[in-house]
Amino acid sequence: MRIDVVSIFPEYLAPLELSLIGKARQDGLLELNVHDLRTFTTDKHRTVDDTPYGGGAGMVMKPEPWAQALESIAGNAAVGAASQGVPAKKPVLIVPSPAGERFNQALAYELAEEEQLVFACGRYEGIDERVIEWAAEHFAVRPISLGDYVLNGGEVAVLAMVEAIGRLLPGVVGNPESLVEESHSDGLLEYPVYTKPSSWRDREVPAVLLSGNHGKIAQWRRHEQYRRTAERRPDLLAEFDAGGLTRADRAAFGELGYDVVDRQLRRRPDSGDPA
Ligand code: SAM
């Protein structure tokens, strides 16, 4: 995969040289280029912002430096595709924005299938909206939000998204099994995890984990997933496909106050607060 990030603070993306993503870059599993938006300005002061039409607080990012930056990246992508004799597919342009669709694990998996992602880091009050419309000529444009809060710029959102997407690329995480059992991979939160020593400050590791009984451990972990998800994120259970649950699983949900109706979990009206 190739990733291009455009920002007025390229140094902000330095953490992407570290850890698993840094290693993936070194190993050639991920090509990541960071571009300074100011190099695409033409005035002495390298201006990237101006006052908003219609008045109001804050500044808005000017369209032309963005067009220059994105055209150069789109042009390189087209040349690259032509040199390999493959038809140019529009790269995905991700515009981090609190007004975008919410980023989640399913979207991370979807984006990990792409050949090229381009991230446009906004600052101030954001990027002139015409850039987003215009960019659709060259890119598949996706405004994406990290969550329902406002950051100062898109860089932190890009760090999070690149890490979430990058770790799904083949070879980046040493043991691909560890991707399967994580929170959100199956619509549930992950079960609690423990390591040595088995007794620590008067707290014991759950005995089942020391039993060596793999069937029981798997069932305990599944039921802990249900309990934790019901406690912390009951909204996820509304989306959960309960069709394949075993009798023991249904009983575990029953204790948490949920019945299975038409493959869906329904919270019993009389069951009070989520367990
Ligand atoms: N005025 C904008 C609004 O209310 O939608 C917020 C602008 S914010 C101060 C500046 C930039 O930070 C945005 O253009 C975007 O790139 C980034 N940003 C802020 N919050 C974000 C979020 N929740 N997810 C992704 N990017 C975000």
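These figures come from a predicted structure and were not determined experimentally.

Draft legend 1. Examining the nonpolar core more closely. Formed by 31 residues in total, the largest nonpolar core has its most connected members in Phe103, Leu111, Phe119 and Ile165. Among the secondary structure elements, those contributing two or more residues to this core are β1 (2–7), α1 (19–26), β5 (92–102), α3 (105–112), β6 (116–120) and α5 (155–166). In terms of residues, this core owes the most to one element, α5, which gives seven residues. Apart from the residues within four sequence positions on either side, Phe119 is in contact with Ile3, Asp4, Val5, Val6, Ile94, Val158, Met161, Val162 and Ile165. Core analysis: the next-biggest nonpolar cluster, separate from the first, contains 20 residues, Val48, Val95, Val118 and Ile132 among them.

Draft legend 2. Inspection of the pattern of salt bridges at higher detail. The tally for this structure, following the rule as stated, stands at 16 salt bridges. For Glu114, the salt bridge is made with Lys89, and the minimal N-O distance between the two is 2.7 Å. Of the two residues, Glu114 is situated in the loop between α3 and β6 and Lys89 in the loop between α2 (63–83) and β5; the sequence distance between them amounts to 25 residues. For Lys89, a relative accessible area of 52% corresponds to the exposed category. A single network of salt bridges, built from pairs that share partners, joins Arg2, Asp4 and Glu31.

Draft legend 3. Representation of the site of the ligand. Surrounding the ligand, one finds 18 residues, the nearest of these being Pro96, Glu125, Leu146, Tyr149 and Leu151. In the environment of the ligand, an oxygen atom lies 3.3 Å from a nitrogen or oxygen atom belonging to the backbone of Gly122. Alone, the ligand offers 580 Å² of accessible surface; in the complex the protein occludes 82% of this. If you list the elements that add at least two residues to the shell around the ligand, you get β5 and β7 (140–145). Per-class residue counts for the shell around the ligand are nine nonpolar, eight polar and one charged.

What counts and how
- Residues numbered from 1 in each chain as written.
- Predicted model: local features only at pLDDT ≥ 70, side-chain atom pairs only at ≥ 80, totals over all residues.
- Heavy atoms only, no water.
- Core = buried A, V, L, I, M, F, W, Y, C linked by side-chain atoms within 4.5 Å.
- Buried < 20%, exposed > 50% of the residue type's maximum accessible area, 1.4 Å probe, protein only.
- Helix = DSSP H or I, 4+ residues; strand = E, 2+ residues; numbered from the N terminus.
- Contact = heavy atoms within 4.5 Å.
- Salt bridge = Lys/Arg side-chain N within 4 Å of Asp/Glu carboxyl O.
- Near = heavy atom within 4 Å.
- Polar contact = N/O pair within 3.5 Å; in protein donor to acceptor, adjacent residues only side chain to side chain.
- Areas by Shrake-Rupley, 256 points an atom, 1.4 Å probe, with all protein chains shown as cover.
- Nonpolar A, V, L, I, M, F, W, Y, C, P; charged D, E, K, R; others polar.

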